[in-house]
Structure formats: structure tokens, C-alpha cells
Amino acid sequence: MKITRIEAIPVRVPRPQAFKSSLGTHRNSENAVVLVHTDEGLTGLGEASSVWDRRGLGESEVINGLLSAQLVGLDPRRIRDIADRMDQLLHRSYPAKAGIEMALYDLVGKASGLPVYQLLGGMVREKVPLSPSLSMGDPADIAAQARHLIGQGYRTLKAKIGRDIDADIAALTAVRAEIGREIILRVDANMGWQTEEAADHIRALEEFDLELVEQPVQRDDLDGMRSIREAVGVPIMADESVWTSADALACVKADAADIFNIYVAEAGGLTLSLIHI
């Protein structure tokens, strides 16, 4: 089997409501659908997903240009080899690489008649807990979001915070009043705080029985992350700080986090996500 063509189609899907975080306001999801065609008539489907860099349109340009031209003619079953080639060709554009890799796994699954989880070693659990995010906004609106999600069966929620501590306290007060103490609540500052203020802000939020605080400061400020971690009683999760395996190792060496939040798209695919672990 050989790859005959790779194409990426940018898509923009309006959100039902605008989503707000410390990173800004997102009214649309802008990703790319990736198709890998073969000489045996099979087509693999993937998705290049990211709120960073060039989003769907930019990742599509990378796939349709540089990556597609270099990968046509290769055996799509040699996923690790292709992943290594993409890394040699391109330093970043991790979501583009992840979208192609996803389509390759889809292809191999179709060719073998097996679900991809079997290709990855088999099922180890029947289900996994999910933690949908609560958009910033009026406290009553955030509480309504929480009520809706709990009604759908979710038992872990993540509130977006990090712009204003008074607003954060008001939001979490409303959320806890709505969902009680049995629901797990975590928060994500999305790098919204200055290092010198972050520990004080987190201590002010500890009364809300938080599972963890995600990415309180800028991604490269590992010394700041360590100092915050040492000063608070809530576990610190690194997200934007761990795009690559080198990032993960740097966080470990710096004692900068208790937990890693690894996104397959940001890591460059399943293969590189596993290397992080």
C-alpha cells in the first residue's frame, strides 16, 4: 500500500456560544479535516486541531504543501517512520503532524479490520472521565453552564479563570453553590497570572476545594511554576508548558508541576504523546 495523495480541508464551525478564557474569546472552532488517500482505494481520516498558531487554515497550508509533497509514495503502515520524517521536515506545526498521524492510524485500522485501540495494545478500560470547561462570564451564567453539564452526567468540571481574582472568586462561589462539594472542580488560568501574584491568588481559591490549578503562569516560566507549587496546597498542572518531550523533561527537572495535561494535537500525535509519558 502506498500514499497517493494527502489533503487537508480547513473548517470553521461556529460555537453555540462564544467561549471565553484568559487566552481571549473564541466564537468558532477552526480546525482541519485531513485525508490520506492510497493506491488501494482506502482513505484515512484525521483532524488537525489547535487554538494556537495558524489554526485550521495554517495547518492545512503546511499539510497541503510541504508535508504532502514529501510523504506521497510512502507506505502508510510505517507510522513511526513517517512521524520521524515529519519531525525532520518541520520543527513545529504539531497539530498538522498529529492530523496526518491520526489519518494513518485510521488507514491501518481499516486495512486490518481492527479498531485503532487494538493496534495500540488493546482496551484497558471501558470508559474515561471527562472534564468539560466552563467559559468565563457572569457568575450566574457560569453556574448555569455547570448545571447543564452536571445534568448531562459529567462529574468533573474545569472553570476558566485568571483575569481578575475578584471575578474568579465570584464565579467559583456561584459554581460551588450550584454543584455542591461532591462534584470535582478544577481551574485553568491559561497563563493569565503574573508570577508574583499567582500563589496569593491560588491560596484565595483553596476554599473551593479545587482538585488542581492548571498553568497559572507563562509556559516558559518554570522557575515561577516551581515557586508557586512550593507555596500552595493545591496540585499544579502544566499544560502549555508541555508540548514536547523536551518540555516535559524540563518541567520534571525544574520540579515545576505535579501533573501534566498532554494534548495529542499539541504533542504532534499519539506517538509523541506516549514519549511524553
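Residues numbered from 1 in each chain as written. Predicted model: local features only at pLDDT ≥ 70, side-chain atom pairs only at ≥ 80, totals over all residues. Heavy atoms only, no water.

**Some points on the overall build of the protein chain**
Secondary structure assignment for the protein chain yields 11 helices and nine strands. With respect to the principal axes defined by its C-alpha atoms, the protein chain has extents near 60 × 40 × 35 Å. A burial count over the protein chain gives 46% of its 277 residues as buried. Put simply, of all contacts in the protein chain between residues at least 6 apart along the chain, 66% involve residues at least 24 apart. By element, 50% of the accessible surface of the protein chain is carried by carbon and sulfur atoms, the whole surface being about 13,700 Å². (Helix = DSSP H or I, 4+ residues; strand = E, 2+ residues; numbered from the N terminus. Buried < 20%, exposed > 50% of the residue type's maximum accessible area, 1.4 Å probe, protein only. Contact = heavy atoms within 4.5 Å. Areas by Shrake-Rupley, 256 points an atom, 1.4 Å probe, with all protein chains shown as cover.)

**Quick notes on the sheet that holds strand β9 (residues 259-260)**
Taken in spatial order, the six strands line up as β4-β5-β6-β7-β8-β9 in an open sheet, and their pairing is parallel. Single-partner strands in this sheet number two, and they are β4 (133-134) and β9. Direction of pairing for strand β6 (residues 184-188) relative to strand β7 (residues 210-214): parallel, over a ladder of three bridges. From the neighbouring strand, Val 187 faces β7, where its bridge partner is Val 213. (Pairing = 2+ DSSP bridges.)

**Structural notes on the pattern of salt bridges**
In total, this model carries 19 salt bridges according to the counting rule given. As a salt-bridge pair, Glu 30 and Arg 12 come within 3.6 Å of each other at their nearest N and O atoms. Residue Glu 30 is found in strand β2 (residues 24-38), and its partner Arg 12 is found in strand β1 (residues 3-21); the two are separated by 18 residues along the sequence. By relative accessible area, Arg 12 is classed as exposed at 58%. Of the charged contacts in the structure, one is a salt bridge between Arg 219 and Asp 247, with a shortest N-O distance of 3.3 Å. Here Arg 219, found in the loop between β7 and α8 (222-231), pairs with Asp 247, found in helix α9 (residues 245-254); they are 28 residues apart in sequence, far enough to count as distant. Through salt bridges with shared partners, a single network forms among Lys 158, Lys 160, Asp 188 and Glu 214. (Salt bridge = Lys/Arg side-chain N within 4 Å of Asp/Glu carboxyl O.)

**So, the pairing of β2**
Look at any regular strand and the pattern is simple: side chains alternate between the two faces of the sheet. Judged from the 14 bridges that link them, β1 and β2 form a sheet pairing that is antiparallel. In the strand pairing of β2, Ile 3 is matched with Thr 38. Counting the residues that bridge the hairpin from β1 to β2 gives two residues. Alignment of β2 against strand β3 (residues 43-48), held across six bridges, turns out to be antiparallel.

So yeah, pure geometry; function would need other evidence.
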